[in-house]
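# Chains, contacts and geometry: an overview
Here's the letter readout for the chains.
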Amino acid sequence: MGRLYVIMGKSAVGKDSLYCSLIDRNPALKTVVPYTTRPIRTGEVEGKEYHFVTESELEKMRQQGRIVECRRYYTVHGPWYYFTVDDGQLDFSGDGQYVIISTLEGFEKLRAFYGKEHVVPVYIEVEEFMRLERALEREKQQPEPCVAELCRRFLADEEDFSEERLRIAGVEERIQNHVFEEALKKIEELIGRG
């Protein structure tokens, strides 16, 4: 049976790095590219991390009934949307194994849309001070670093990924990303059990 593994966690826990290494080491895994209206970051590639679209393109897809899940974040730059589109990337009729990066809210909506039997959580954690250090380093690399946006994301994560919300969503297993290779192996084991 096909499954979608949803990699999620607070900002700067290493989701993108784990995702990229997972794909590189497991070529049979299929990726699902989500969409966003936020500006592309340094080092990102259109169609790899995200499809970067305008709000009017989002609205057109919404009118067509193609939006599976959509989240809006109020940033210091204005609202940014992150969403998944029913665009043919997912096909659970076979044994395909898919992977995507999303949020807890996104995971819940994906699971509601595709079914619990097809959507599996992969929750990544890291110690808070390490997470903050990683976030600061990443922000420094941006063309226009914005400490206010970094702080907003950091604080919003506390609510978005609260223990209560994780419990309600049924996220029990946690993967610690203090040692990258160990975290990657645990994700591979989880997918191997699927």
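Before any of the text, the structure's been laid out above.
Scope of this entry: the structure provided in the associated data block.

The rules we used
All chains use their own residue numbering, which begins from 1 and follows the written sequence. In keeping with the predicted nature of the model, local features appear solely for residues at pLDDT of at least 70, side-chain atom pairs appear and are counted solely at 80 or more, and the whole-chain, interface and lining totals rest on all residues. Hydrogens and water molecules were not included; the side-chain quantities draw on all heavy atoms of the structure. A helix here means a DSSP run of H or I that spans at least four residues, while a strand means a run of E at least two residues long, and both kinds are numbered starting from the N terminus. Burial classes: relative accessible area under 20% of the type maximum marks a residue as buried, over 50% as exposed, and values in between as partly exposed (1.4 Å probe, protein chains only). Any two residues whose heavy atoms approach within 4.5 Å at even a single point are treated as in contact. In the sections that follow, a salt bridge refers to a side-chain nitrogen of Lys or Arg positioned within 4 Å of a carboxyl oxygen of Asp or Glu. Pairing between strands is defined by DSSP: at least two bridges between them are needed. To get an axis, fit a line to the C-alpha atoms, keeping to the stretch in contact for a helix; angles then go from 0 to 180 degrees between the N-to-C directions.

## Some remarks on the side chain of lysine 10
- Looking at where lysine 10 falls in the secondary structure, it is placed in the loop between strand 1 (3-8) and helix 1 (15-25).
- The class of lysine 10 is buried, set by a relative accessible area of 13%.
- Other than its neighbours up to four places away in sequence, lysine 10 contacts Lys15, Tyr123, Ile124, Glu128, Arg131, Asp157, Glu158 and Phe161.

## Quick look at the pattern of salt bridges
- This model, assessed by the stated rule, comprises 21 salt bridges.
- The salt bridge involving glutamate 125 is made with arginine 174; its shortest N-O contact spans 2.7 Å. Pair noted here: glutamate 125 is in strand 8 (residues 119-125) and arginine 174 is in strand 9 (residues 174-176), with a separation of 49 residues, a long-range link.
- Residue class for glutamate 125 comes out buried when judged on its relative accessible area of 19%.
- The closest approach of N and O atoms between glutamate 158 and arginine 131, which form a salt bridge, is 3.3 Å.

## Brief notes about helix 1
- Among all positions in helix 1, only Lys15, Leu18, Tyr19, Ser21 and Leu22 are buried.
- Buried positions along helix 1 lie against strand 1, strand 2 (30-31), strand 7 (97-101), strand 8 and helix 7 (180-193).

## A look at the sheet that holds strand 6 (residues 78-85)
- Spatially, the four strands line up as an open sheet ordered 4-3-6-5, and their pairing is mixed. Each edge of the sheet is formed by a strand with only one pairing partner; in this case those strands are strand 4 (51-52) and strand 5 (67-75).
- When strand 3 (residues 35-36) meets strand 4, the two strands line up parallel, connected through two bridges. The residue bridging threonine 36 from the neighbouring strand is phenylalanine 52, located in strand 4.
- Taken strand by strand, helix 2 (residues 55-63) contacts strand 3, strand 5 and strand 6, and its axis lies near 40° from that of strand 6.
- Across the face of the sheet, helix 3 (residues 104-114) comes into contact with strand 5 and strand 6 while running at roughly 165° to strand 5.

## Let's talk about unusual backbone geometry
- Despite not being glycine, alanine 12 has its phi angle at roughly 65°, a positive value.
- Within the element layout of this structure, alanine 12 appears in the loop between strand 1 and helix 1.
- Alanine 12 gets classed as buried once you look at its relative accessible area, which sits at 9%.

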